[in-house]
Amino acid sequence: MKKAGRNTSKKLKNNEYFHYGDWGKTALNFLFTSDAWINIATGSVRSGKTVACNARWIEFLQNSKSDEFLISGKSSQSLRRNVIRPLIKMLNTEGIDYDYHKRDGELEIEDKLCYVMGFNDEKAVDVIAGMSVGGWYADEIARCPKSAVEMAISRCSDIGAKMFWNTNPDSPYHFIYENYINNKELLKAGTVKTWKFLIDDNPNLDPHYVTELKRVNQKSEVFYKRNILGEWVIAEGAIYDMFSPKKHVFNKIPFNIHEMNICCDYGVSTVTTFGVMGIHKDEELGNSYALLEETYYDKEVEGVAQSDSERVNDIVKLQDKYKLNENNTVYLPHDAASLKAECEKDSRLKMRVETYAPNTFEDITTIQNLFSTDKFFIHEDCTNSISQAQTYSWDKKAQQRGEDRPLKENDHCCDMWRGGILGPRNKRDPSLEIIEL
Ligand SMILES: Nc1ncnc2c1ncn2[C@@H]1O[C@H](COP(=O)(O)OP(=O)(O)OP(=O)(O)O)[C@@H](O)[C@H]1O
Ligand SMILES: [Mg+2]
């Protein structure tokens, strides 16, 4: 093991330390009284849940008689960013020995070994199945599959084992809320203890930032109740209730465009819609997006289904109109195999063709954030997009099952935007040249 402060972990620099500020009252209470079998920190965003769990976890490990432990998150990537990185900073500050083997997913803290694992991988259940651990720290527990959560609980079999979970609120029908947070029997028995963290209880945030965060979240009732008030409420009604035609519909493009792509939602027997997405890049403030044009072919209205070659004609028309070429991309849905094949054999199409695999919940959250922060705009001629932005709704039946899921109605344009916005996100293109339209 390396000595803290001189650790050679490649990703972290020697000088990364955690600078402790004041603890909020809920955090203090959590630190001193989280002695149940399952301890759950729930509540608003940025309220100090992770920092409190990190500090409690370090203390718990030092007093535990077990050797092996589990740390989990939604994905390995989010876990590293949200938990491992700040945890290691804390270990540096505290001068505690550790060694992080990122590749093996192992973090040794003094003589304790923590298995570090993203739970969105179905294989996680098999890996956990063979373990017996002295404790489990779970970040973003509500985003983990039920099977993995149940399996991991059953693995905490060592004497003195404890669990420390944190999560933002979700639907009140979510299994984490129903089976644990609001389970009267387990609460009464003291098996489960919960803490509700609030953003106003965290004294380490800039008051200006808190005001801004509240203002942005105010645009959606569900956002505000969950993210700011920390309440487990149903997401009902319009998904993009923060969309305002007055604000988000344009006649003249509200910014310079640095990049363009074509995006699509494809339905063999329903609707096929293409969009031209313009992207304004800003390293500091983040990208802004403008839907410049849409095409919309509805088989129900037209009476006959469109063929793939006719769909390629639509793409080529948009490509030529906006002078797009091999530096631009058409993002097709991941299941549009026949359309992709048709695109590839049509020599008129100069653009790159890629598929985009959606992540429904995360994509929606991203687009909600863009509307809330006034970073996604729609041209006034894109009438289907404007209408569907206002009617795209949560599925009430799925809510009863504890899932935030959109209704499969009025969703074609909303699905189409996703490729245009999220498709290029992972690519780094430094070009900031302005495109004249
Ligand atoms: N005791 C503390 N000392 C210094 N900074 C703190 C402390 N508690 C919280 N913070 C800071 O407050 C911010 C929010 O804390 P944290 O990430 O723990 O919140 P969270 O509730 O986990 O948020 P989210 O729900 O968004 O994951 C972070 O920048 C964190 O470093
Ligand atoms: Mg957190």
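Heads up: these notes are all about the structure in this document. Just so it is clear, the structure is predicted and the values come from calculations on it, not from any experiment.

**Examining the packing of aromatic side chains**
- Enumeration over the complete set of coordinates arrives at 23 aromatic pairs.
- On the numbers, 6.1 Å between centres and 55 degrees between planes, the contact of Y20 with W23 is tilted.
- A residue is classified by how much of its surface remains accessible, and W23, at 28% relative accessible area, is partly exposed.
- A ring pair is formed by F60 and F69, whose centres lie 6.2 Å apart and whose planes are at 85 degrees; its orientation type is edge-to-face.
- Residue classification places F60 among the buried residues on the basis of a relative accessible area of 6%.
- Taken together, the aromatic side chains of F30, W57, F60, F69, Y137, F164, W195 and F197 make up a single cluster linked through ring pairs.
- The ring of F361 is capped by R143, whose NZ or CZ atom sits 4.1 Å from the centre of that ring.

**Observations regarding helix α13 (residues 337-345)**
- Residues of α13 that are buried include every one of L339, E342 and C343, and no others. Axial view of α13: buried residues confined to an arc of 100 degrees, hence all on one face. Turned more than 90 degrees from where α13 packs its buried face, A337, E344 and K345 sit exposed.
- Against β10 (259-265), β11 (271-280), α12 (308-321), β13 (329-333) and β14 (352-356) lie the buried residues of α13.

**What to know about α12**
- The end-to-end C-alpha distance of α12 is 20 Å, a good match for the 20 Å that 14 residues give at a rise of 1.5 Å each.
- Within α12 the residues assigned to the buried category are D308, R311, V312, D314, I315, V316, L318 and Q319.
- Against β10, β11, β12 (288-298), β13 and α13 lie the buried residues of α12.
- Just downstream of α12 lies K323, where phi reads positive at about 55 degrees.

**Examining the pairing of strand β1 (residues 38-43)**
- Counting buried residues in β1 gives six out of six residues, a clear majority hidden from the surface.
- Strand direction decides the pairing type here: β1 and strand β7 (residues 162-167), joined by five bridges, are parallel. Bridge assignment links A41 to a residue of β7, and that residue is N166.
- Direction of pairing for β1 relative to strand β8 (residues 192-197): parallel, over a ladder of six bridges. Looking at β8, one finds that A41 is bridged to W195.

**Thoughts on the site of ligand 1**
- For ligand 1, the set of nearby residues contains 18 residues, the closest of which are G21, K49, T50, V51 and N168.
- T50 is positioned with one of its side-chain polar atoms (N or O) 2.7 Å from an oxygen atom of ligand 1.
- A distance of 2.9 Å separates an oxygen atom of ligand 1 from a polar backbone atom of V51.
- Its free accessible area being 630 Å², ligand 1 has 80% of it covered by the protein chains.
- Grouping the constituent residues of the shell around ligand 1 by class yields six nonpolar, nine polar and three charged.

**Topic: the environment of R226**
- Relative to the helices and strands, R226 is located in helix α9 (residues 221-228).
- The buried category is assigned to R226, whose relative accessible area is 7%.
- With 117 residues separating them in the primary sequence, R226 and C343 have C-alpha atoms 43 Å apart.
- If sequence neighbours within four positions are ignored, R226 has contacts with S44, P169, D170, S171, E231, V233, I234, A235, Q399 and D404.

Reading guide: rules and limits
Residues numbered from 1 in each chain as written. Chains lettered and ligands numbered in written order. Predicted model: local features only at pLDDT ≥ 70, side-chain atom pairs only at ≥ 80, totals over all residues. Heavy atoms only, no water. Phe/Tyr/Trp six-rings, centres within 6.5 Å; stacked < 30°, edge-to-face > 60°. Buried < 20%, exposed > 50% of the residue type's maximum accessible area, 1.4 Å probe, protein only. Lys NZ or Arg CZ within 6 Å of the ring centre and 35° of its normal. Helix = DSSP H or I, 4+ residues; strand = E, 2+ residues; numbered from the N terminus. Arc of directions from axis to C-beta. Contact = heavy atoms within 4.5 Å. Expected span 1.5 Å × (residues − 1). Pairing = 2+ DSSP bridges. Near = heavy atom within 4 Å. Polar contact = N/O pair within 3.5 Å; in protein donor to acceptor, adjacent residues only side chain to side chain. Areas by Shrake-Rupley, 256 points an atom, 1.4 Å probe, with all protein chains shown as cover. Nonpolar A, V, L, I, M, F, W, Y, C, P; charged D, E, K, R; others polar.

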